[in-house]
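# An overview of the molecular structure
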Amino acid sequence: MYYYYYSRISTVSQSSSRQIENFKNHGHVTSKNIFVDKVQGNISFFERPEAVKLYDTVTAIKDNQVTIVVDSIDRLGRNLIDILKTIEIFTKNQINLKSLKEGFETLIDGKENPMARLVCAVMGSIAELERNKIKERTSEGILLAKAQGKFKGRVVGSYQSREKLFAKYPIIVMKLKKKMEIRDICRVTGHSSTTIIKVKKAMGI
């Protein structure tokens, strides 16, 4: 079994020493198997530089005996929906996730852990409520803006500049440059094929 450790702290001034100490209590930690991102928590896992390096490293291992260890699952994403998406991508790629704080692993002997599946199902229900609340608030805001004559929608024929598009989806750009298939980029990043094709066309490839 290969163990890799992932830590995220919000700012450069913060220290990851507590998380790293917990990792050392778990197993052997070296400069080659630990990845530390110093980014805000509102950035998606697959848009973080060290997280991308970690994912590329573990998916290059062919025998599917990889465990990514985190201090707690909230280190994985910007919100519950994003965390669940990340866990789903890990599971599809036979990557086991171990959370020290929550005390569970997502895979056991290569198969989904029933307890972890139950936890994720409960989290999924909460995430669905969160999604519905966001949609409801957005709809209410649009209706109010329309009533006040402030909402006009997207201007017909408007477009994003190539630079802005590339800046918005740097991970997609990187994966396309590596000649990854669109379906694989969808699975890794969680973005739709429509978005990826849009970026691909802008890149002229």
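## Re the sheet that holds strand β3 (residues 66-70)
Taken in spatial order, the five strands of this open sheet run β2-β1-β3-β4-β5, and their pairing is mixed. One side of each edge strand has no neighbouring strand; the edge strands of this open sheet are β2 (34-38) and β5 (104-105). Pairing geometry for strand β1 (residues 2-9) and β2, over five bridges, is parallel. Bridging from a neighbouring strand, Tyr5 pairs with Ile34 of β2. In this fold helix α1 (residues 17-26) packs onto β1, β2, β3 and β4 (95-99), with an angle of close to 165 degrees to the strand it touches most, β1.

## As for the nonpolar core
Grouped together as the largest cluster of nonpolar side chains are 28 residues, with contacts concentrated most on Tyr6, Phe45, Leu54, Ile68, Leu76, Phe90 and Leu97. Mapped by element, the contributors of at least two residues to this core are β1, α2 (49-59), β3, α3 (80-92), β4 and α4 (114-147). Among the elements that take part in this core, α3 stands out by supplying six residues, more than any other. Each residue touching Leu97, except ones within four places of it in the same chain, is listed here: Ile68, Val70, Ile73, Leu76, Ile87, Phe90, Phe104, Glu105 and Thr106.

## Some points on the environment of Lys178
Mapped onto the fold, Lys178 is located in the loop between α6 (170-177) and α7 (182-189). The partly exposed category is assigned to Lys178, whose relative accessible area is 48%. Considered as a pair, Lys178 and Met1 are 177 residues apart in the sequence and their alpha carbons are 28 Å apart.

## Remarks on the packing of α7 against helix α8 (residues 193-203)
The N-to-C vectors of α7 and α8 enclose an angle of 120 degrees; their axes lie 9 Å apart at closest approach. Relative to α8, the element α7 is oriented oblique. Classified by chirality, the crossing of α8 by α7 is right-handed. Of α8, the residues touching α7 (which contributes Ile182, Ile185, Cys186 and Thr189) are Ser193, Ile196, Ile197 and Lys200. Each residue belonging to the contact of α7 with α8 can be placed in one class, and the counts come to five nonpolar, two polar and one charged.

Conventions and cut-offs
Residues numbered from 1 in each chain as written. Predicted model: local features only at pLDDT ≥ 70, side-chain atom pairs only at ≥ 80, totals over all residues. Heavy atoms only, no water. Pairing = 2+ DSSP bridges. Helix = DSSP H or I, 4+ residues; strand = E, 2+ residues; numbered from the N terminus. Contact = heavy atoms within 4.5 Å. Axes fitted to C-alpha atoms, helices over the stretch in contact; angles between N-to-C directions. Core = buried A, V, L, I, M, F, W, Y, C linked by side-chain atoms within 4.5 Å. Buried < 20%, exposed > 50% of the residue type's maximum accessible area, 1.4 Å probe, protein only. Parallel < 35°, antiparallel > 145°, perpendicular 65-115°, else oblique. Left-handed = near helix turned anticlockwise from the far one by under 90°. Nonpolar A, V, L, I, M, F, W, Y, C, P; charged D, E, K, R; others polar.

Remember, this is a structural readout, not a statement about activity or role.
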